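Observations on the model geometry
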Amino acid sequence: MDSEGFATHSQDLQIVSFRETVRRYVIEADSWRLRRSGELAESLAKPRVHFIYLHHVFDDEIAGFRAMLAEIQRSHTFVPYSEAVELVYAGTVARPTVCLSFDDGLLSTLKASRVMDELGISGCFFVCPAIVGEKKRSVVKRFALTRLGYPPMEVLDWSQCEDMMRRGHEIGSHTYSHPNMGDVSIEQAIDELQYSKEHLVRRLGKVEHFAWPSGRWANFGAQAAKAAFDLGYRSVSSAVRGCHMPRATPVLARQVCLRRDHVMGSWPLHHNMYFLARSVRRAAVHDYEWPRSWVPTILRESARRTTDHARIDVPIAGVTH
């Protein structure tokens, strides 16, 4: 941590607990078993679309991040985010295919994007317009502690987002101000989706993809998912672990909730590969689906919302974008 409590190294975010120690021991043992039996390599060789995501890549994580990408490239093809989305919708993936994304719009991902450039990999960076370009550290700190739930880190600005787009990366929406979308009213949820999209289009020219904050089912809902598609987002991503296997028939965009596997540059390489293999081993053809009770609402298309909406009341002093 620096003198103002901003995280600057991966160890600043590490959790030290008995539960975490046991968890790592279990992962290590199961990873060793899969590697020794050949099941890990067998799983990773299966055709599919696999979305992986990170939040940060600190300087002390760069080497691990680079090694992870290089290792994945040995047996997989990286494709741009939009291409991966279309492959999932079509269902016709013929080889192990991966794409990369980042949540929250943290500054450390700018260096990650340059490592990706060196390896010929493009990704999607999901940002919250409310905090992009914020220079007041007190505001960033409050945003991190009240919205992100982890120690503060420097954030991207608009010129850096533009630079990444010029280099072939994509910028996606992560809501306007990173609320728990499962706790807000549907009116607030729609405002978060719409205001974020409008702001990103105005500043960057376009936005096609959305990933909801925290990414679990409890952090979202059927009406919010429907609203995202009604507002013109091409895809909606979760943080639910999993991957997308080939299918015999295509599906509509709003039928699909994208799964993403979380990885980290500070984790041992074989742990990251283990998580990918585990998702493949657990995968089923129907794993693209939304929770069954949500489906009727999501599939009920409606006209896009065109009425004026109130500016979102973000309870963070100093956010005036």
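Whatever comes next refers back to the structure up there.
1. Considering the environment of valine 256
- Among the structural elements, valine 256 can be located in the loop between strand 7 (235-237) and strand 8 (261-262).
- Considered as a pair, valine 256 and glutamate 289 are 33 residues apart in the sequence and their alpha carbons are 5.4 Å apart.
- Here valine 256 is in contact with Val88, Tyr89, Phe229, Val236, Val251, Tyr288 and Trp290, once residues within four sequence places are set aside.

2. What about helix 8 (residues 186-204)?
- For helix 8, which comprises 19 residues, the first-to-last C-alpha distance of 27 Å matches the rise-based estimate of 27 Å (1.5 Å per residue) to within 8%.
- Within helix 8, burial applies to Ala189, Ile190, Asp191, Glu192, Leu193, Gln194, Tyr195, Ser196, Lys197, His199, Leu200 and Leu204.
- In this structure, the buried side of helix 8 is in contact with strand 4 (123-127), helix 7 (158-166), strand 5 (170-173), strand 6 (209-211) and helix 9 (222-230).
- Two residues or fewer after helix 8 comes glycine 205, characterised by a positive phi angle close to 100 degrees.

3. Regarding the pattern of salt bridges
- A full pass over the atoms with the stated rule returns 20 salt bridges.
- Among the ionic pairs, arginine 24 bridges to glutamate 20, the shortest N-O distance being 3.3 Å. With arginine 24 and glutamate 20 both in helix 1 (residues 18-37) and four residues apart, this pair spans about one turn of that helix.
- The structure contains a network of salt bridges with shared partners spanning Asp2, Glu4, Arg137 and Glu154.

4. A look at the side chain of serine 196
- Here serine 196 lies in helix 8.
- Of the residues examined, serine 196 reaches a relative accessible area of 0% and is grouped as buried.
- Every residue in contact with serine 196, bar those within four places of it in the chain, is listed here: Pro129, Ser173, His174, Thr175, Tyr176, Asp191 and Tyr233.

5. Some words on the pairing of strand 1 (residues 48-54)
- Within strand 1, seven of the seven residues are buried, leaving the element largely enclosed by the surrounding structure.
- Side chains of strand 1 alternate between two faces, with Arg48, His50, Ile52 and Leu54 and Val49, Phe51 and Tyr53 buried alike.
- As judged from the seven bridges shared by strand 1 and strand 3 (residues 96-103), these two strands associate in the parallel manner. Bridge pairing links isoleucine 52 to leucine 100 in strand 3.

6. Let's talk about the side chain of serine 173
- Note that serine 173 resides in strand 5.
- Side-chain polar atoms of serine 173 contact the side chain of serine 196, separated by 2.7 Å.
- In contact with serine 173, not counting residues within four places along its chain, are Phe126, Val127, Ser196, Leu200, Val207, His209, Phe210, Ala211 and Tyr233.

7. As for the pairing of strand 3
- Counting buried residues in strand 3 gives eight out of eight residues, a clear majority hidden from the surface.
- Burial along strand 3 is two-sided: Pro96, Val98, Leu100 and Phe102 and Thr97, Cys99, Ser101 and Asp103, pointing in opposite directions, are all buried.
- Sheet topology note: the strand 2 (residues 77-78)/strand 3 ladder contains two bridges and is parallel. Residue pairing across strands places phenylalanine 78 opposite valine 98, the latter belonging to strand 3.
- For the crossover from strand 2 across helix 4 (residues 81-90) to strand 3, the handedness is right-handed.
- Pairing geometry for strand 3 and strand 4, over four bridges, is parallel. The residue of strand 4 that forms the bridge with aspartate 103 is phenylalanine 126.

8. What about the packing of helix 1 against helix 10 (residues 269-282)?
- Direction vectors running N to C along helix 1 and helix 10 enclose 70 degrees, while the axes themselves pass 10 Å from each other. Accordingly, the angle class assigned to the pair helix 1 and helix 10 is roughly perpendicular. Residues Arg23, Arg24, Ile27, Glu28, Asp30, Ser31, Arg33, Leu34 and Arg35 of helix 1 form the contact with helix 10, whose own contacting residues are His270, His271, Tyr274, Phe275 and Arg281.
- For the contact of helix 1 with helix 10, the class distribution of residues is four nonpolar, three polar and seven charged.

Criteria and thresholds
Residues numbered from 1 in each chain as written. Predicted model: local features only at pLDDT ≥ 70, side-chain atom pairs only at ≥ 80, totals over all residues. Heavy atoms only, no water. Helix = DSSP H or I, 4+ residues; strand = E, 2+ residues; numbered from the N terminus. Contact = heavy atoms within 4.5 Å. Expected span 1.5 Å × (residues − 1). Buried < 20%, exposed > 50% of the residue type's maximum accessible area, 1.4 Å probe, protein only. Salt bridge = Lys/Arg side-chain N within 4 Å of Asp/Glu carboxyl O. Pairing = 2+ DSSP bridges. Polar contact = N/O pair within 3.5 Å; in protein donor to acceptor, adjacent residues only side chain to side chain. Right-handed = clockwise from strand over helix to strand, strands pointing away. Axes fitted to C-alpha atoms, helices over the stretch in contact; angles between N-to-C directions. Parallel < 35°, antiparallel > 145°, perpendicular 65-115°, else oblique. Nonpolar A, V, L, I, M, F, W, Y, C, P; charged D, E, K, R; others polar.

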